[in-house]
Amino acid sequence: MEFKRCARCGCFFTSANDVCCNCETKDRQDIYNLNNYIVTSPNNISIDNLSASTGISMKNISRFIENKAISNL
Ligand SMILES: [Zn+2]
């Protein structure tokens, strides 16, 4: 296993994920909130909008989109 840097808090860890085990819980919660928001929103919602409405940073939202963790916008 190689050391990786957590995409959320910046600490070093060994795992196949992008984030450390502390941040995995936060990621899961964010993804849950985002998906909830997306299904109840009109189409063509922007990342800016999502970030402002959910309080989740655009950096994290972009990462979730890349990882296909949230529904297509
Ligand atoms: Zn972390």
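Definitions and cut-offs
Residues numbered from 1 in each chain as written. Predicted model: local features only at pLDDT ≥ 70, side-chain atom pairs only at ≥ 80, totals over all residues. Heavy atoms only, no water. Core = buried A, V, L, I, M, F, W, Y, C linked by side-chain atoms within 4.5 Å. Buried < 20%, exposed > 50% of the residue type's maximum accessible area, 1.4 Å probe, protein only. Helix = DSSP H or I, 4+ residues; strand = E, 2+ residues; numbered from the N terminus. Contact = heavy atoms within 4.5 Å. Axes fitted to C-alpha atoms, helices over the stretch in contact; angles between N-to-C directions. Parallel < 35°, antiparallel > 145°, perpendicular 65-115°, else oblique. Nonpolar A, V, L, I, M, F, W, Y, C, P; charged D, E, K, R; others polar.

Details of the nonpolar core
Then step 1. Counting residues in each nonpolar core, the largest one holds nine residues, listed as Ile31, Leu34, Ile38, Ile45, Leu50, Ile56, Ile61, Phe64 and Ile70.
Then step 2. Those elements that provide at least two residues to this core are α1 (21-39) and α3 (58-66).
Then step 3. Formed by five residues, the second largest nonpolar core is a distinct cluster that contains Cys6, Phe13, Cys20 and Cys23.

What to know about the side chain of Ser51
Then step 1. By secondary structure assignment, the location of Ser51 is in helix α2 (residues 47-54).
Then step 2. Note on Ser51: relative accessible area 15%, which makes it buried.
Then step 3. Ser51 has contacts with Ile56, Ser57, Met58 and Ile61, leaving out every residue within four places of it along the chain.

A few points about the packing of α1 against α3
Then step 1. Interhelical geometry of α1 versus α3 gives an angle of 85° and a closest axis separation of 11 Å. By the angle between their axes, α1 is roughly perpendicular relative to α3. Between α1 and α3, the contacting residues are Asp27, Asp30, Ile31 and Leu34 on the first element and Asn60, Ile61, Arg63 and Phe64 on the second.
Then step 2. Split by residue class, the contact of α1 with α3 holds four nonpolar, one polar and three charged.

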